[in-house]
Amino acid sequence: MKKYILSLAVVSLFYTQSDACAWSDPDYDYFNLFTQTIIKDKAYLPFLHNYSSRFYGGYNSALIPDDNVETWKKFFNNQLSYSETQNLVYKISMNDLNALKNGNPTNPLLQKLGTGFYQKYKEGIDYLIEAKYLEPYMSINYIESENSFYYDRDANRKNATALDYHKTISALTSLYNAARNPEIKQRYGYQLVRLNHYTRNYDSAVQAFKTYVAPIKLKGTVYFMSLDQLAGAQRGLEMNSDANWNFFQVFMNSKDRKESAFVSMKLSDTASFSNIMKRANTNEEKNMAYFLLGYEDFNNPIPMMEKMYEINPDSEILKVMAARSINELERSYLPTYYYTSDAQKAEAKENSKDNTSKDKSTDQAKTEVKEEKLSFWQKIVRFFKNLFGGSKSDKKGDNAKADQSDDELFSNPDRIPFYNRTGYYYDEKTQDFLNDLEKFTDKTKEKSKDEYWQIADAYLKFLKKDYKESSEILNDIKTANPEYLEEIKRMKVLNDIVSQPKIDADYEDHLMKEYAEYFVEKKVEKDTATTDNFDYYGEVPSTADFLKDVIANRYFLQGEDGKSFLMNNKLSDLQYNPNSSLVKSVEEFYRKPDKTQFEQQIIAKNMDSVGNIDAFFNTIYGDRAMRLADFEKAKSYYEKAKSFAGIPRQNYEWTEKNGQTITPKQYAPAEYNGFKNISNLVFGHNVWESFGSPDSESMKAENYTDFPFITTSMDKLQLADALIQLKKIGNGTGEKAAKANQLIGNLLYNTSILGYYRELFVMDIDNSNGGKYDFWNTDRKNPYKYYYKNFLDTSYIEPDNFDLSINYYQKALKLSNNKEEKARILFQMASAEQGKYYQYEAKAPKDFDYSDPKWSEKEDARQKEMDNLKNQKYRTYFAQLKAQYSDTETTKNLMGSCSYFNYFMR
């Protein structure tokens, strides 16, 4: 058999790094559509696949029965229910049992059982009284060692050495000898072995097992409880091979001790499972040894599964291995997020901590161009590229997005959703693994009587996009198992929806008629949320979430961007990336008159509160027109946005009493809210570049005497009107016209990515929020290729056109005869030209990355090349300023406040 490696050792390193951050959990990074927990033997639930902890924990612990409780329940002839037996064995006090023994029970359960219960089960009750007396002391005594500093232990906690050893041994021996019931007799033997083990009398523990436990020919729960204690004592005697074998027997023959026995095997023998394999004689032992070897070394599970198949194709532990293998495939095929490039992925990782709280004013300004380096995260993900291919093409028409060739798809280096309709590419190792696992399930389903293998095979067909065959297998399954039936139902839904090439109105009606439960959100009260749905990291990715992603992908490929966006986002989220074409598509959906039931209930519900929706859209359109210097169009939009209530932000508050509360932000009367309270300093110029300082410190006003329509505080409608008047004046001649053009240039520069007021026309309330102000977003293409689920993880705003401000400055320069003003205008032009260079630099081609061993050398050479280019092509106005205006007071003052300009002038 060919060898394929999933490289989980590398993955474990990756997750070790990832888990250092509280916001990351690898078990939340994929859709778990195949329910691992449908295995019938729930004792193996801890050994299902996960990365977050040593053992799988996504189940109700009550599903694994307590062997001891079940044995006692049988001892009492099933007179008590499981929970009543559990209560009697573990919770009812020794005093309560003594009261029962004395004929005066006060505990409700014991009163219900009556006084005759003690007479009937006298030996059992007497044993429980003794066991409850001993239990508080039943822990091993701690001995300090060189590692004690790292061991946190309650020094006052009772342990077995607190008992009178000889007196207790004597009492237990007498009780053992007096007992007539073999099971109770063996239980006293168990207590003797345990006491010797926990008092570190290891030799005596071994002898006690031989004397008091083994001679009683019962090999049930009590025997293996005792064997567990014997193995612990053997480990204390450094009889590691024997200890390991006995822990293996406990693992194989118990339900609730598998986790502890597994850990004990690892501790007692570093080559534990290989040594077990050498000692295994029976098929059952060999089968279990193969399971442990496959579980522990999961890089290549199928060879072990083949060996297990040969022994017993109906083995429950073989299903555990299959479930783990399918889950590993899901992590490759079904991640919860897809990123379209390494740059976007790096951006997403960097911003992931604060994406959920973009409203907070504490976000750090991100103004520097990011170096395109590959992080550890990126290297690992690149190593595990499993699926490549189909993506959305550049928009050439309303429905041109799915028009791509296979060659284009296969050359696309980006990972794509496996359900993307336009194509796919499998990583060879992953494809080998999927193919071989499918072959294995194909043959096992023919030989095993358990429908599990048919379900598994159907799921693998689903992953391979063979939806028709997957559905046929599911339709042929005959079972009454409720967990199987639920999984079959879910998989039929998956096959139906994922196989659908286009989502039209008829299919939307089908979704609501047949599958509304997956799309209509159910309200879950915080207090009643179960661990199955929530934990520290929030809501667990669900089948419903996956299906929403599929629908969002279909809308995306169909050119229905607005609907695709609203499947994963709220209307208010547009504020974070107010791209004109996307906003227009969302508005078109908003205004659609004949929405289907699916559109109304599932999509339109995300048209959340933004105040007046029309004003919200018109503000965004007006802002875009302002950035394009189309002031007349901007005014027409702003006239329809006068009722804009403010950018819909939220306040986060945390108190000891109420925890975190989220309330809509209420803007103060004089506070900028996205539309009003704009300072006339927006027409001014920088005193120094400091985005975190008040505008009164960073900015200086120009002389507005000739322009009374520029008032101290304006709204956007007034601002657009002022610009229209300035533009009209600027078409004239003389110093006033020159000043008008300069002021327009100032506003365009000051509201660009480099300007102090860069937030004004990108739907933000201050100049500090991250990705909107990054230069890497210089491409006008849509950075999203599959859906808008990761909308907040990257920037999608049209880049600035610095030529617009430069053109107005050019007019001002030609019209002005004031040398000092000309020096100021040239400096502003040079600053705008610097913006053009930053845009070029951010998208300049780079044929090496951080993994290149010569990265530093190549990066230095590239930087020198970029510096030369900058000086040759992007220093036009600095050079003119130096050559013609170096003697002006304006230039001298600029040299004092701008260190780079000072360096250039030298």
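Note that the structure is predicted; figures quoted are calculated from it, not measured.

## Things to note about the side chain of E285
Step number 1: Within the element layout of this structure, E285 appears in helix α15 (residues 283-296).
Step number 2: As a buried residue without a salt bridge, E285 has its nearest oppositely charged side chain in K286, at a separation of 8.3 Å.
Step number 3: Excluding its chain neighbours within four sequence positions, the residues that come into contact with E285 are W245, F248, Q249, M252, R279 and A280.

## A short note on the nonpolar core
Step number 1: In this structure, F291, L574 and F683 are the most contacted members of the largest nonpolar core, which totals 208 residues.
Step number 2: Residues contacting F683, with those up to four places away along its chain left out, are E702, Y704, I710, M714, L719, L723, L726, L743, N746, L747 and N750.
Step number 3: Counting residues in each nonpolar core, the second largest holds 24 residues, with F802, I806, A832 and Y877 among its members.

## A few points about the confidence of the model for the protein
Step number 1: On average, the protein scores 84 in pLDDT, and the residues at 70 or more come to 82%.
Step number 2: Confidence drops under a pLDDT of 50 for residues 1-23, and excluding neighbours within four residues, the segment shows 51 contacts in the predicted structure.
Step number 3: In the model, residues 526-537 has pLDDT below 50 throughout and makes 16 contacts with residues more than four positions away in sequence or in other chains.

## A short note on the pairing of strand β6 (residues 659-664)
The side chains of a regular strand alternate, residue by residue, between the two faces of the sheet.
Step number 1: Where strand β5 (residues 650-655) meets β6, six bridges bridge the pair, whose relative direction is antiparallel. When the sheet's bridge partners are listed, E653 is paired in β6 with T661.
Step number 2: Counting the residues between successive antiparallel strands, the hairpin from β5 to β6 contains three residues.

## Observations concerning the pattern of salt bridges
Two side chains with opposite charge may pair up if their charged atoms get near one another.
Step number 1: Overall, the coordinates contain 49 salt bridges when judged by the stated rule.
Step number 2: The partner of D242 in a salt bridge is R279, and the shortest N-O contact between them spans 3.4 Å. Note that D242 is positioned in helix α12 (residues 240-253) and R279 in helix α14 (residues 272-279), a separation of 37 residues in sequence.
Step number 3: Residue D242 is classed as partly exposed on the basis of its relative accessible area of 31%.
Step number 4: Its relative accessible area of 32% is what places R279 among the partly exposed residues.
Step number 5: A salt bridge links K468 to E472; the nearest nitrogen and oxygen atoms lie 2.7 Å apart. Note that K468 and E472 are positioned in helix α23 (residues 467-476) at a spacing of four residues, about one turn of the helix.
Step number 6: Through salt bridges with shared partners, a single network forms among E438, D442, K445, D457, K461 and K464.

## Examining the packing of helix α4 (residues 94-101) against helix α7 (residues 122-134)
Step number 1: In the contact formed by α4 and α7, the axes pass within 9 Å of each other and the chain directions differ by 155 degrees. The angle between α4 and α7 places the two elements in the roughly antiparallel class. Relative to α7, α4 is oriented so that their crossing is left-handed. Contact residues: α4 offers M94, L97, N98, L100 and K101, while α7 offers I125, D126, L128, I129, K132 and Y133.
Step number 2: Here the residues of the contact of α4 with α7 sort into seven nonpolar, one polar and three charged.

Cut-offs used in this document
- Residues numbered from 1 in each chain as written.
- Predicted model: local features only at pLDDT ≥ 70, side-chain atom pairs only at ≥ 80, totals over all residues.
- Heavy atoms only, no water.
- Helix = DSSP H or I, 4+ residues; strand = E, 2+ residues; numbered from the N terminus.
- Buried < 20%, exposed > 50% of the residue type's maximum accessible area, 1.4 Å probe, protein only.
- Lys, Arg positive; Asp, Glu negative; His and termini not counted.
- Salt bridge = Lys/Arg side-chain N within 4 Å of Asp/Glu carboxyl O.
- Contact = heavy atoms within 4.5 Å.
- Core = buried A, V, L, I, M, F, W, Y, C linked by side-chain atoms within 4.5 Å.
- pLDDT = per-residue confidence, 0-100.
- Pairing = 2+ DSSP bridges.
- Axes fitted to C-alpha atoms, helices over the stretch in contact; angles between N-to-C directions.
- Parallel < 35°, antiparallel > 145°, perpendicular 65-115°, else oblique.
- Left-handed = near helix turned anticlockwise from the far one by under 90°.
- Nonpolar A, V, L, I, M, F, W, Y, C, P; charged D, E, K, R; others polar.

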